[in-house]
Amino acid sequence: MKGFDSGLLIKSLVALAHPQKSMPSETRTWKAALADQIPPHMAEEIDTFESQMELRVQDKLEEKVFAELRLRRGAYGQRYDNGFRDNGRESVEIPFPNKHLTKGPGTKWEAPGMQRIKIPYGGMTAEQMNVLADIAEEYSDSILHITTRQDIQLHFLSMVDIPDMHRRLAAVGITVREACGNSVRNVTACPLAGVCRDETFDVTGYANETAQYFLGHRDVQDFGRKFKVAFSGCKQHPCGLTYMHDLGLIATEREVDGQKQYGFEMYVGGGLGAVPHLAKLFDEFVSPEELLPLSQAIARVFARLGEKQNRNKARIKFLVAKLGIEEFRRLVIEERAAIEADPEWTSWLGKIPEYEEGGLPEPLTQGAAPDLGDEAATFDYWKATNVYAQRQAGFNAITIALPLGDITASQTRLLADVVRRFTHDTIRTTVEQNVMIRWVHDADLPALFLALKAINLHAPGAQTIIDIAACPGTDTCKLGISSSRGLAGELRRRLAHKAMQYDEAVRNIRIKVSGCFNSCSQHTVAEIGFYGSNRLLSGRRVPHFHLILGGKWDHNAAEYGQSLGVVPSKRVPDVVELLVDWFMRDRQGEEAFPAFVNRIGKKAIKEQVKPLTTVPAYEEDPSFYVDWADAREYTLGDIGIGECAGEVVTLTDFGVATAESAHFDATLLLEGDSQNGNVQQAQDKAFESMAKAAQALLKLQNIDISDDPDAIVADFRTYFYDTELFFDPFAKGKFASYFLKAYESRSDTATLDSAKQLIEEARLFIEASHECYGRMAEKGITSPVSFKKWLLDNELAKA
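Reading the values: the criteria
- Residues numbered from 1 in each chain as written.
- Predicted model: local features only at pLDDT ≥ 70, side-chain atom pairs only at ≥ 80, totals over all residues.
- Heavy atoms only, no water.
- Helix = DSSP H or I, 4+ residues; strand = E, 2+ residues; numbered from the N terminus.
- Rg over C-alpha atoms; globule rule 2.2 N^0.38 Å.
- Buried < 20%, exposed > 50% of the residue type's maximum accessible area, 1.4 Å probe, protein only.
- Contact = heavy atoms within 4.5 Å.
- Areas by Shrake-Rupley, 256 points an atom, 1.4 Å probe, with all protein chains shown as cover.
- Lys, Arg positive; Asp, Glu negative; His and termini not counted.
- Charge placed at Lys NZ, Arg CZ, Asp CG, Glu CD.
- Disulfide = S-S within 2.5 Å.
- Pairing = 2+ DSSP bridges.
- Axes fitted to C-alpha atoms, helices over the stretch in contact; angles between N-to-C directions.
- Salt bridge = Lys/Arg side-chain N within 4 Å of Asp/Glu carboxyl O.
- Domains from an automatic or database assignment.
- Buried area = accessible area lost by both parts, 1.4 Å probe.
- Polar contact = N/O pair within 3.5 Å; in protein donor to acceptor, adjacent residues only side chain to side chain.
- Nonpolar A, V, L, I, M, F, W, Y, C, P; charged D, E, K, R; others polar.
- Phe/Tyr/Trp six-rings, centres within 6.5 Å; stacked < 30°, edge-to-face > 60°.
- Lys NZ or Arg CZ within 6 Å of the ring centre and 35° of its normal.

1. Quick word on the overall build of the protein chain
Right, on to step 1. Summing up its helical and strand segments, the protein chain has 25 helices and 24 strands in all.
Right, on to step 2. A globule of 799 residues ought to have a C-alpha radius of gyration of about 28 Å, and the protein chain, at 28 Å, matches this closely.
Right, on to step 3. When the backbone C-alpha atoms are referred to their principal axes, the protein chain occupies close to 85 × 75 × 60 Å.
Right, on to step 4. Counting over 799 residues, the protein chain shows a buried share of 58%.
Right, on to step 5. For the protein chain, long-range pairs separated by at least 24 residues make up 71% of all intrachain contacts whose partners lie at least 6 apart in sequence.
Right, on to step 6. Surface accessibility of the protein chain: about 33100 Å² in total, with carbon and sulfur atoms responsible for 51%.
Right, on to step 7. If you average the places of the 91 positive and of the 112 negative side-chain charges in the protein chain, the two averages end up 5 Å apart.

2. Let's talk about helix 4 (residues 63-71)
Right, on to step 1. In terms of burial, helix 4 is largely enclosed, as seven of its nine residues are buried.
Right, on to step 2. Among the structural elements, helix 3 (40-57), strand 1 (75-76), strand 4 (102-104), strand 5 (107-108) and helix 20 (651-669) are those in contact with the buried residues of helix 4.

3. What about the state of the cysteines?
Right, on to step 1. For the structure on display, the rule yields zero disulfides.
Right, on to step 2. The structure places no disulfide on Cys190, whose sulfur is separated from the nearest cysteine sulfur, that of Cys239, by 3.5 Å.
Right, on to step 3. No disulfide involves Cys196; its sulfur sits 4.9 Å from the nearest other cysteine sulfur, which is in Cys234.

4. What about the sheet that holds strand 11 (residues 229-232)?
Right, on to step 1. Reading across from one edge, 10-11-12-13-14 is the order of the five strands in this open sheet, with mixed pairing throughout. On the outer flanks of this sheet lie strand 10 (188-189) and strand 14 (280-286), each paired with one strand and no other.
Right, on to step 2. Lying over the sheet, helix 8 (residues 288-305) contacts strand 11, strand 12 (247-256), strand 13 (259-268) and strand 14, oriented at roughly 15° with respect to strand 13.

5. Some words on the pattern of salt bridges
Should the charged atoms of two oppositely charged side chains come close, the side chains can pair.
Right, on to step 1. Considering all chains together, one arrives at 52 salt bridges under this definition.
Right, on to step 2. The partner of Asp710 in a salt bridge is Arg746, with the nearest N and O atoms 3.6 Å apart. Of the two residues, Asp710 sits in helix 22 (residues 709-721) while Arg746 sits in the loop between helix 23 (734-744) and helix 24 (752-778), which places them 36 residues apart along the sequence.
Right, on to step 3. Under the relative-accessibility criterion, Asp710 is labelled partly exposed at 36%.
Right, on to step 4. Across the pair Arg763 and Glu760 runs a salt bridge, and its minimum N-O distance is 2.4 Å. Of the two residues, Arg763 and Glu760 both sit in helix 24, three residues apart, roughly one turn of that helix.
Right, on to step 5. Take Arg763: its relative accessible area is 39%, and that puts it in the partly exposed class.
Right, on to step 6. Look at Glu760 and you get partly exposed, because its relative accessible area is 37%.

6. Here we look at the domain arrangement of the protein chain
By a widely used convention, the size of an interface equals the accessible area lost when the partners come together.
Right, on to step 1. Each assigned domain of the protein chain is listed with its residue range as follows: domain 1 (6-120 + 142-170), domain 2 (196-355), domain 3 (464-636) and domain 4 (642-799).
Right, on to step 2. Taking only C-alpha atoms into account, the centre of domain 2 sits 33 Å from that of domain 3.
Right, on to step 3. On the domain 3 side, the residues contacting the 19 residues of domain 2 number 14 residues.
Right, on to step 4. Carbon and sulfur atoms supply 62% of the area buried between domain 2 and domain 3, which totals about 1300 Å² over both sides.
Right, on to step 5. Area buried by domain 2 at its contact with domain 3 is led by Pro238, Leu241 and Leu272, which between them contribute 36% of it.
Right, on to step 6. Inspection of the region where domain 2 meets domain 3 yields two residue pairs in polar contact (both at pLDDT 80 or more).
Right, on to step 7. For the side of domain 2 that touches domain 3, the class distribution of residues is ten nonpolar, eight polar and one charged.

7. A few points about the packing of aromatic side chains
Right, on to step 1. Counted according to the given criterion, the structure contains 36 aromatic pairs.
Right, on to step 2. Taken together, a centroid distance of 5.3 Å and an interplanar angle of 65° make the contact between Phe583 and Phe596 edge-to-face. Taken together, the residues span a long stretch of sequence, with Phe583 in helix 17 (residues 572-586) and Phe596 in helix 18 (residues 593-600) at a distance of 13 residues. In this structure, Phe583 and Phe596 share a single accessibility class: buried.
Right, on to step 3. Among the aromatic side chains, those forming a connected cluster through ring pairs are Phe687, Phe716, Tyr719, Phe720, Phe726, Phe739, Tyr743, Phe765, Phe787 and Trp790.
Right, on to step 4. In this arrangement the basic side chain of Arg329 is found over the ring face of Phe282, its NZ or CZ atom lying 5.6 Å from the centre.

8. Describing the side chain of Asp246
Right, on to step 1. Locating Asp246 in the fold gives a position in the loop between strand 11 and strand 12.
Right, on to step 2. In this view, Asp246 contacts Lys226, Phe227, Lys228, Tyr267, Val268, Gly269, Gly270, Arg315 and Ile316; residues no more than four positions away in its chain are not counted.

9. With respect to the sheet that holds strand 21 (residues 511-514)
Right, on to step 1. Here we have five strands laid out as an open sheet, ordered 20-21-22-23-24, and mixed in their pairing. Because the sheet does not close on itself, it has two edges, and the strands there are strand 20 (469-470) and strand 24 (562-568).
Right, on to step 2. Sheet topology places strand 22 (residues 528-537) next to strand 23 (residues 540-549); ten bridges connect them, and they run antiparallel. Within the sheet, the bridge partner assigned to Asn534 lies in strand 23 and is Pro543.

10. Considering unusual backbone geometry
Right, on to step 1. The residue Gln150 is not glycine, and still its phi comes out positive at about 65°.
Right, on to step 2. Counting through the fold element by element, Gln150 comes out in the loop between strand 8 (143-146) and strand 9 (152-157).
Right, on to step 3. With relative accessibility at 0%, the residue Gln150 sits in the buried group.
Right, on to step 4. Look at Gln433: it is not a glycine, yet its phi comes out positive at around 65°.
Right, on to step 5. For Gln433, the location among the structural elements is in the loop between strand 18 (427-429) and strand 19 (435-441).

Structure below.
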């Protein structure tokens, strides 16, 4: 990758991504246009990532490290990004122009990717929806996909568009930071929070403030895997799904000395995936004042003791299971006592009332309601399934059912207008891949229905058997085995024909489909769940799905289902019809579907399903050998290495990468006019890059090393210079002396020559930091514990 103009290459890649558009002028970029609208810290993060992209293109940043940096900005790889696509007969290379360029191990730079966008507690504004619509239209395939964790995903994105897309999101208060990677993911919450008739109290503010506190927090940067948090206002409904999260909080209350106190039941160690675990009760009552410090202590214990090598065992659920909840609780309480107090633990509590919402003072509809005409019956069904009467009399929360979780850019833009007309900007995404408009007047329901019909968002059946959740599956996911979206679409089509005939017990059945065992659609907690599999028959692959029964969607997903075996993909609709008809025919009284399954027994159900598990020979019916919504003969040839967890990249890796980005910025500052103040900035930035590299190494000695240059230099001198640990085998302490000298002269006025010299010395110091880190790894110095042991051994050797 060396020996070419990387800047020119990036511009050419933009032209390839958007041939219909010319490059923006040098004076009118999104960075310049939005400079006064983006918070400085967010602008700096995006600029740093853009610099890291440039370094990767120049092959100056290791692809594994860049992949994790990219993932922590929510930018995923996508199916076929290894540069090959199987046509059903053979794997064919995709002719990317610069196929030597990669954005991660085995991941081509020019391959389309996916962007995950965090929406804490699912809360959005109409302004944000407009920007989301714009970027989906300009950078992706004009489809916004709502996930089962209230995020939004865009697919088929070019890498070169990522920084500007992030800037446009940041300008309206949306961050993508830590939307992926081994970090705290989007913090979810019940979309009915604040309007639910059964909640203890509104958890909205608590969820958002938790999300903001841990965003980029130093104690959540060294996990072995991701960490998911969810809030629920009550125990009995599934809106929050707290039992299946790493950290789950359920609103509760108690009375002490006649005074009512609000707090949370805290659960820890839940998770789905291939090996699902129900979360364990950590504490029956956690006060709002203890919510953040106790959560921080949990994060610190997870970071310190969680698995780092085997990522299949690296979620906190495995740590809790290994230690037992009692021992885990003891360690957390011990850690909580040791953490230095942080004013931010409680400074936000006074802002909770600001999260309260309300509706328009008067309904838009005055007088007679609009004539529904032929839509009257559909409106009645829609009102029965999609409208929830809020605890605030006269107001409603309306769920907009999105088949497969998809909404187009134009629909999103028009929906934003509808939200403005009927509400005070009160809209949320849901864990069932839908959108909810809150605070709609009773009198406005007919008019709202017609407004939604005009943009084709009026489909009834939300949160019913036809409202099927599905992960991206083989459409875009590298781990997809079978077509989850294709199957979900077919199931919805067939069930919709009978939907209005079903009574409430049948309508309440939830169906969820995942393309593999990783539970992205949450199939484990569905009443009827499926996950992708395959079988080899007579030399040909046949798409299959595991049938999962026994899950309990209510009570925050309190029970997990189990597999009854595999079913050919093309037989799955028949299996669902069999189960639904059997339930309608034989259920007892008001029996719900999970109770019916438990009463009948999985053995009897498996016997009934067995005739539908046979696969005809290819010559008899070749359709069985083709997956839903795919014309190719079924193949596993496109499965790749997933990026859901990211590589386990150490804090030192991150720190050195940050140092390299700062050094790159220093070099750019000298490219402009040397008389405009850039010389001093360049010299300061060069010293900053050296300090960041030193700090990165010091994290191996003390994970909580300060950002203060005085502290960094003092500790570097003690642990790396005086011990000679940093010394190069040939240059000895030469490169370390560059850093120490730069610190002593950091207040000197910069000249062009001094700035150039320090930039060069910084480059050598950062390179020496890389080498030192490598030597430390060879010696087994990879953590504070092993560092301390080395220090003791070193002292003994000197003695």
